[in-house]
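Single-letter residue listing:
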Amino acid sequence: MKIRQWLQSLSFKAGVIVLLCCIPFYVLSFAQMLLPISTAAKGVLWTILFGLAKTCQYGGLTILGVEGYNRLKSRLNRKKMNE
């Protein structure tokens, strides 16, 4: 519970940055399947990279919290309306 409280004490900007960090991990977790390595190595790489992506995703959502999530969502919707 102490880690969760520490994450929630971080700023909105930190939460957005952590959430954005999950995108490269998702891309890498599936792009590594194109590498000419053994199936076992691909499985290990996928597990590590996908795990990092999920960790960044849930960590970022914990940092943002409900208010931060709604704030981010409203900003994205506002940009869509302006286009």
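Residues numbered from 1 in each chain as written. Predicted model: local features only at pLDDT ≥ 70, side-chain atom pairs only at ≥ 80, totals over all residues. Heavy atoms only, no water.

Chemist: Could you clarify how one ought to interpret the side chain of K42 in this entry?
Modeler: As for its position among the elements, K42 is in helix α3 (residues 39-82). Polar side-chain contacts of K42 include one of 3.1 Å to the backbone oxygen of M33. Ignoring anything within four residues of it in the chain, the contact list for K42 reads Q32, M33, L35 and I37. (Helix = DSSP H or I, 4+ residues; strand = E, 2+ residues; numbered from the N terminus. Polar contact = N/O pair within 3.5 Å; in protein donor to acceptor, adjacent residues only side chain to side chain. Contact = heavy atoms within 4.5 Å.)

Chemist: Any chance you could explain α3 here in plain terms?
Modeler: The periodicity of an α-helix, 3.6 residues per turn, causes residues three or four places apart in sequence to face the same way. Along its 44 residues, α3 runs just 47 Å from first to last C-alpha, ending more than 12% under the 64 Å computed at 1.5 Å per residue. At G65, α3 shows its largest bend, some 100 degrees. Within α3, the full set of buried residues consists of K42, L49, A53, C56, G59, G60, I63, L64, G68 and L72. In the core, the buried residues of α3 are packed alongside α1 (2-8) and α2 (12-31). (Expected span 1.5 Å × (residues − 1). Bend = angle between axes of the 7 residues up to and from the residue. Buried < 20%, exposed > 50% of the residue type's maximum accessible area, 1.4 Å probe, protein only.)

Chemist: Hey, could you run me through the packing of α2 against α3 in this one?
Modeler: Helix-helix packing is described using two parameters, namely the angle between the two axes and the distance between the axes. α3 packs onto α2 with a crossing angle of 145 degrees between their chain directions and a minimal axis gap of 7 Å. Classified by chirality, the crossing of α3 by α2 is left-handed. Classifying every residue of the contact of α2 with α3 by side-chain character gives 21 nonpolar, 6 polar and 3 charged. (Axes fitted to C-alpha atoms, helices over the stretch in contact; angles between N-to-C directions. Left-handed = near helix turned anticlockwise from the far one by under 90°. Nonpolar A, V, L, I, M, F, W, Y, C, P; charged D, E, K, R; others polar.)

Chemist: Looking at this model, I keep getting lost on α2. Mind explaining?
Modeler: Under the 1.5 Å per step criterion, the end-to-end length of α2 is 30 Å for 20 residues, consistent within 8% with the ideal 28 Å. What α2 keeps buried is the set F12, G15, V16, L19, C22 and S29. Buried residues of α2 fall within an arc of 135 degrees about the axis and therefore sit on the same side. The outward face of α2, more than 90 degrees from its buried face, is lined by the exposed residues K13, L20 and V27. Summarising the contacts, the buried residues of α2 are in contact with α3. (Arc of directions from axis to C-beta.)

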